[in-house]
Amino acid sequence: QVQPVEAGGGSVQAGGSLRLSCVASSLKFSSFAMGWFRQAPGKERELVAAIDWSGRSTLYGDSVKGRFTISRDNVKNTVYLEMHSLKPEDTAIYYCAAEDKPRPPDVQALGLMDTYDYWGQGTQVTVSS
């Protein structure tokens with residue numbers, strides 16, 4: 001029923017910034033928790049950041065804390081990921097995910113991939129040294 005669509009990926013030099021967006025067109029968007037996950041070649045998919053339905057609770061992976069910020073605009077059905085001080089190890093495909101369940105997940109559950117019901121195709125982020 002819902003197909004998240006990511007945009008904003010690209011190539012940037014180390015130390016640079018990039019802003020990703022994800023649109024999940026749904027009348028229920030304001031009730032979705034949203035997450036960003038990434039997967040680098042040869043590695044497991046990992047949490048980048050997540051945000052609850054209200055925007056008041058967020059969760060970040062340890063490797064991006066202090067550098068990345070997740071936010072949402074429920075009027076535009078869009079979640080954003082602002083990435084600063086990018087490092088080569090941030091190179092990965094970044095996936096947007098939406099949670100659509102009757103009861104809001106706990107904050108810690110937002111870091112688990114199986115919490116989410118819909119996944120985007122991903123957008124490539126490449127950081128060169």
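Reading guide: rules and limits
Residues numbered from 1 in each chain as written. Predicted model: local features only at pLDDT ≥ 70, side-chain atom pairs only at ≥ 80, totals over all residues. Heavy atoms only, no water. Disulfide = S-S within 2.5 Å. Helix = DSSP H or I, 4+ residues; strand = E, 2+ residues; numbered from the N terminus. Buried < 20%, exposed > 50% of the residue type's maximum accessible area, 1.4 Å probe, protein only. Salt bridge = Lys/Arg side-chain N within 4 Å of Asp/Glu carboxyl O. Contact = heavy atoms within 4.5 Å. Pairing = 2+ DSSP bridges. Phe/Tyr/Trp six-rings, centres within 6.5 Å; stacked < 30°, edge-to-face > 60°.

Caption draft 1: Spotlight on the state of the cysteines. A full pass over the atoms with the stated rule returns 1 disulfide. Note on cysteine connectivity: Cys22 is disulfide-linked to Cys96, with sulfurs 2.0 Å apart. With the S-S bond torsion at -80 degrees, the cross-link from Cys22 to Cys96 turns out left-handed. Of the two residues, Cys22 is situated in strand β3 (residues 18–23) and Cys96 in strand β9 (residues 92–99); the sequence distance between them amounts to 74 residues. On the basis of relative accessible area, Cys22 is assigned to the buried category, the value being 0%. By relative accessible area, which is 0% here, Cys96 ends up buried.

Caption draft 2: Local environment of the pattern of salt bridges. Applying the stated criterion across every chain yields a total of 6 salt bridges. Glu46 serves as the salt-bridge partner of Arg38, at 2.8 Å between the closest nitrogen and oxygen. Residue Arg38 is classed as buried on the basis of its relative accessible area, which comes to 4%. A residue is classified by how much of its surface remains accessible, and Glu46, at 36% relative accessible area, is partly exposed. Across the pair Arg38 and Asp90 runs a salt bridge, and its minimum N-O distance is 2.9 Å. Separated by 52 residues along the polypeptide, Arg38 in strand β4 (residues 33–39) and Asp90 in the loop between β8 (78–83) and β9 bring together distant segments of the chain.

Caption draft 3: Region of interest: the environment of Tyr116. Structurally, the position occupied by Tyr116 is in the loop between β9 and β10 (118–119). A relative accessible area of 5% means that Tyr116 is categorised as buried. C-alpha separation for the pair Tyr116 and Ala33, spaced 83 residues apart in sequence, amounts to 8.2 Å. Among all residues touching Tyr116, those that are not within four sequence positions of it are Ala33, Met34, Gly35, Phe37, Ala50, Ala97, Ala98, Glu99, Lys101 and Leu110.

Caption draft 4: Structural detail: the pairing of strand β7 (residues 68–73). Taking every second residue as pointing to the same face, the buried face of β7 carries Phe68, Ile70 and Arg72, while none of Thr69, Ser71 and Asp73 on the other face is buried. The hairpin turn running from β7 into β8, its antiparallel successor, is 4 residues long, and Asn77 in that turn takes a positive phi close to 55 degrees.

Caption draft 5: Quick look at the packing of aromatic side chains. For the structure shown, the criterion picks out 4 aromatic pairs. With 5.5 Å between their ring centres and 75 degrees between their planes, Phe37 and Tyr116 make a pair best called edge-to-face. With Phe37 in strand β4 and Tyr116 in the loop between β9 and β10, the pair connects residues that are 79 residues apart, well separated along the chain. Here the aromatic rings of Phe37 and Trp119 are separated by 5.3 Å at their centres, their planes lie at 50 degrees, and the arrangement is tilted.

Caption draft 6: Structural detail: the pairing of β8. Where burial is concerned, most of β8 is hidden: 5 out of the 6 residues are buried. Here β3 runs beside β8; their pairing, made up of 6 bridges, is antiparallel. For Cys22, the partnering residue across the bridge sits in β8 and is Val79. The sheet contact formed by β7 and β8 spans 6 bridges and is antiparallel. Residue Thr69 lies in a different strand from β8, and its bridge partner there is Glu82.

So, to be careful, I would describe these as geometric facts and stop short of saying anything about function.
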